[in-house]
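For reference, the chains in residue letters:
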Amino acid sequence: MKVCRLLAVLFAVLPYVVFGQNSLGIPPVFNYNKSVFQGGSRTWDIKQDSRGIMYFANNEGLITFNGRYWNPYPLPNSTILRSIFIDENDRIYVGGQGEFGYFEGGVHTKLSYTSLSGRVPQAYQKFADIWNTAATGRSVFFRATDRIFEWTNGGITVHTPVSEWLFLGEAAGRLFAQDKNRGLLEFRNKQWVPLNNANIMEEAIVASVLPIGTDSVFVATITNKNYLLHNNTLQRLNTGPWQDLYTPSFAKLSNNAYVMATSTDGCVIRTLDGCVIQRIAAAEGLRNTNVTRVFVDRDQNIWAGVDNTIAVIGYNSAVKFFRPNTENDVTGFSTRILGNKLYVSSSNGVYVAQLAGGIADHSLCQGKFSLVNGSDRGEAWRLEEVNGQLILAHNNGIFLINDELAKPVATGTGSWMFLPLSSGYPIQDMLVGTYYGVDMLRYSNGRFKRAGTLAGQADSYRFLERDEDGTIWASHPYRGIYRLTLSSDSTAYAVRLFTRDDGLPSSYQNFVFRIKNRIVFATEAGVYEFDRAAGRFMPSQSFALFAGIPIKYLKDDADGNVWFCSGKKIGVAKSVADSISGGIFYFPEIEGLNTSGFENIYPYDKSNIYIGSETGIIHLNYEKYRTNTPHPRVLLSVVNISGKKDSTIFGGYPSQNSAGSYTQQGLQIPLLHAAFNAFHFEYSSPNYGIQGQISYSYWLEGYDTKWSAWSTNTEKDYTNLPSGTYTFKLKARNSLNVESDPVVYTFVIRPPWYQTKWAILIYVIVALIGLYLFIRWQQRAWRLQQNKYEEKLAQLRYIHQLEIEKNEKEIVKLQNEMLENEVLMKTKELANTSMQLMENTGALSKVKLELAKLHLSAEDESDLKRITSLLKDIEKNSANWDQFATHFDELNDGFLNRLKAKYPTLSRNDLKVCAYLRLNFSSKQIAQLQNISVRGVEIHRYRLRKKLGLQTEVPLNEYLAAI
């Protein structure tokens, strides 16, 4: 730093006023509640590693954040973590209550902790909090109030104070510590050496030391007193009035600006000479004003440890917010700059702020907004500069804005907008679209006056444009497109309504704008133009880039770019050679923040694009957005596998190679069992704040065929992957379509044992042996088959011979059976005949007896004797019963004998009936044989059942057949 610059800084007399004016643009603030980051209420230290991952020392331990995922890592004793230091190898040294050590990532795991407390000499093992952790050279230092531990080459050295250690910190490669009695010391040659004029700090405790330039150090205290160390001599800065604040932490923004944490006023950004640039507290977006730690990351985002919250402030963001009323936010409708003043029309009047000359980015101008008197009491819809004057369309009419005063021009009817009827200067006549029709304003003698209401169809005309032929076009979101034709004296207008029947894609949501001196119509299907020859609306060929995109607002800038609103999205179509063909870019950081239904974009210049918002005005530095948006980075956070049990094979911390890169080495490629075939990938981008709108694309080589479509998803799953070598590639892209360098992770799924090379070799050997054995077996089988065939042939011959003999025996047997059956039949016939003869004999006996009873004459007696003699001869020719019974029993296996033996009371007549029944004679047949009636047979059968003792349900025939 030059001596003149040092003198200017050292002897600055500008008073230090914490409560000075803010910059007009408020940076975006994002608050992460402790329920989100899974930590405690207080954050004590903040650091960032070489890959962009953020680390927070918290009441609950170490907390990491990679842009998407928060991960807590408690200390072994579950106590508060106070301090963090990260070395060039991304080893995280930490200090807490009664504990210090380091976290380190492994190839296959997340962070793991190694405690160094056990290596402290026995006499110094009892200590309290480690408030600061810093390093110089190869040594890392941990500060407690009564000792400093130096960790070097695996050993610990203890440095004791003269009184009490109050601070430890590093700046510009130099290590400093503060002793309560000796003041600020520097560690040189293994000793703590006092600085010149060290006692100038009196009892102020150092909060931070920051490098300034190449040879100076900024020394800040917790009581808001600041010093500069130059040539080993301390000197006081800010010699003006001093504001007593508790300022526990400072962080460097540039060589001339820094941010400090305060306990009552949030984060305060100021220059070295004490000039406040900006104050960010509760009104600007912080959850509360008690800030314990601040840190500036590589993208100039400010991280703040606030009670119960970790906040990130996009201080370097190209997007800022203008809030005219921080107490009660108002909706911003339009913006205009006139006379080096910024005017904002809103839902509660017009606000104005002074712009400083020479500052290209208006968001950096110091100042504040004030309400223009007379502009409130309703919505201030639109501001227009006409004839060098600022005209306001207001809910109560038309006003002229003069500095900070709104003067009424025409009141009573609410007005939407203004449309000049000429392009020359000064403009004489101007139409006003009102709530109920069209009014005329006339300019004369340097003033605008209302010239009356034009006669014509009354409607709400919020969108009016005039083409080169003088035709007035108006649009109504819920009716269609109007074409207004003015009368020759401009006192009336005729109206024709165009709807979907006239070529529009819909009768609703159509808007008219003048872009590049052309009248175009924004619709739900893109941009349309009116074809005069056809008398219909046609898709615009000049704006074909918008085809199929629902458009609600269009505005061109001085460079020919077209700014537009599509739903909740805001974008710009770049102009190339006076044609809208350079592509469309959206701004996802402000998606959904614009004023819905009352869209307005005011592209003042490349550095100042004003967009109406529901909380004021969004300011976009388009030039900075295009050139200074951080290059996207991508991190692979976690790789999990699933099989019989889940496991993490990559925890997001690859090891560095000798070149300092994080390329996966060959020995780090995991070889996985075939059972692990399901993979879960988590990834993120360490781009924080409002510019952290990132999309991702991935490609699993070996499975996918190409890169995936871009998506904001930060997880990907694969299941049922076959064995093989896979490489997961990942890249990120920001809203400017700038892509990150890809991250590559390779892994191998081993084939199952039955698919390995050794298994295949065994399969081949087994197959060859099997083939050989099969051939041998086949040959043996052929021989056995031949032998069996011969044996079978002999057997068949033998069987054939046996069959012949058997058949002959069967024939003989059949013949015998036929003979036996024939004899049996004959026997039965004989028996039947015998019985019939016997019956006849009985009948003849009866005849004989009857004849004997006759009383005949002597002549007749000779005849009677002759008849009796003849009957005796017939009786002799009939076999007696005994002979019949004998033959019957022979034919029926002794049936009568068995029956008589079983039932001895049966008479001969009973036996006869039983024999008839056994021969299946019917009652009629038996009656004929017995020479009795059928009724007599039935009675005989009944008596026979009684003698046999049969139950009613037992048939007599079946019973006799079973005997």
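Above this text is the structure in question.
In short, a report on the structure.

A sheet is described by the order of its strands in space; here four strands give the open sequence S58-S57-S60-S62, paired in antiparallel fashion. What marks the edges here is a single partner per strand, and that holds for strand S58 (647-650) and strand S62 (715-718). Shown here is a sheet whose adjacent strand axes are inclined to one another by a mean of 25 degrees, direction ignored.

The contact between helix H7 (residues 895-902) and helix H8 (residues 908-918) brings their axes to 11 Å, and the two run at 130 degrees. The orientation of H7 relative to H8 falls into the category oblique. Crossing geometry of H7 relative to H8 is assigned as right-handed. Here Phe895, Leu896, Arg898, Leu899 and Lys900 of H7 come into contact with H8, specifically with Leu911, Cys914, Ala915 and Arg918. Residue composition of the contact of H7 with H8, by class: six nonpolar, no polar and three charged.

Per the stated rule, a full pass over the model turns up 72 aromatic pairs. Ring geometry for Phe37 against Trp70: centres 5.8 Å apart, planes inclined by 50 degrees, an arrangement best described as tilted. Here Phe37, found in helix H2 (residues 34-37), pairs with Trp70, found in strand S5 (residues 70-73); they are 33 residues apart in sequence, far enough to count as distant. What makes Phe37 buried here is its relative accessible area of 0%. Ring plane angle 45 degrees and centroid distance 5.2 Å describe the contact between Phe650 and Tyr745, whose orientation is recorded as tilted. One end of the pair, Phe650, is in strand S58; the other, Tyr745, is in strand S64 (residues 743-749), with 95 residues separating them in the sequence. Residue Phe650 shares its accessibility class with Tyr745, and that shared class is buried. An aromatic cluster is present here, built from Phe650, Phe679, Phe681, Tyr683, Tyr696, Tyr698, Tyr703, Tyr718, Tyr726, Phe728, Tyr745 and Phe747 joined pairwise through their rings. Stacked on the ring of Trp44, the Lys or Arg Arg42 has its end atom at 5.3 Å from the ring centre. Stacked on the ring of Tyr586, the Lys or Arg Lys569 has its end atom at 5.1 Å from the ring centre.

Here we take up the environment of Arg941. When you line up the elements, Arg941 lands in helix H10 (residues 934-948). Given a relative accessible area of 19%, Arg941 falls into the buried group. Distance from Arg941 to Cys914, taken between C-alpha atoms, is 8.9 Å for residues 27 residues apart in sequence. Every residue in contact with Arg941, bar those within four places of it in the chain, is listed here: Leu917, Ser923, Leu956 and Asn957.

It is the contact of H8 with H10, at a shortest axis distance of 11 Å, that shows an interaxial angle of 100 degrees. The angle between H8 and H10 places the two elements in the roughly perpendicular class. For the pair H8 and H10, contact is made by Asn909, Asp910, Val913, Cys914 and Leu917 and by His940, Arg941, Leu944 and Lys947, respectively. Looking at the contact of H8 with H10 residue by residue, the class counts come to four nonpolar, two polar and three charged.

Glancing now at the sheet that holds strand S29 (residues 319-322). If you walk across this open sheet you meet the four strands as S29-S56-S55-S54, and the pairing is antiparallel. Either end of the sheet is taken by a strand with one partner, and the two such strands are S29 and strand S54 (601-605). Each adjacent strand pair in this sheet contributes to an overall mean axis angle of 25 degrees, direction not counted. Pairing of S54 with strand S55 (residues 608-613), which is carried by four bridges, proceeds in the antiparallel orientation. Its bridge partner lying in S55, Tyr602 is registered against Tyr610.

Definitions and cut-offs
- Residues numbered from 1 in each chain as written.
- Predicted model: local features only at pLDDT ≥ 70, side-chain atom pairs only at ≥ 80, totals over all residues.
- Heavy atoms only, no water.
- Pairing = 2+ DSSP bridges.
- Helix = DSSP H or I, 4+ residues; strand = E, 2+ residues; numbered from the N terminus.
- Axes fitted to C-alpha atoms, helices over the stretch in contact; angles between N-to-C directions.
- Parallel < 35°, antiparallel > 145°, perpendicular 65-115°, else oblique.
- Left-handed = near helix turned anticlockwise from the far one by under 90°.
- Contact = heavy atoms within 4.5 Å.
- Nonpolar A, V, L, I, M, F, W, Y, C, P; charged D, E, K, R; others polar.
- Phe/Tyr/Trp six-rings, centres within 6.5 Å; stacked < 30°, edge-to-face > 60°.
- Buried < 20%, exposed > 50% of the residue type's maximum accessible area, 1.4 Å probe, protein only.
- Lys NZ or Arg CZ within 6 Å of the ring centre and 35° of its normal.

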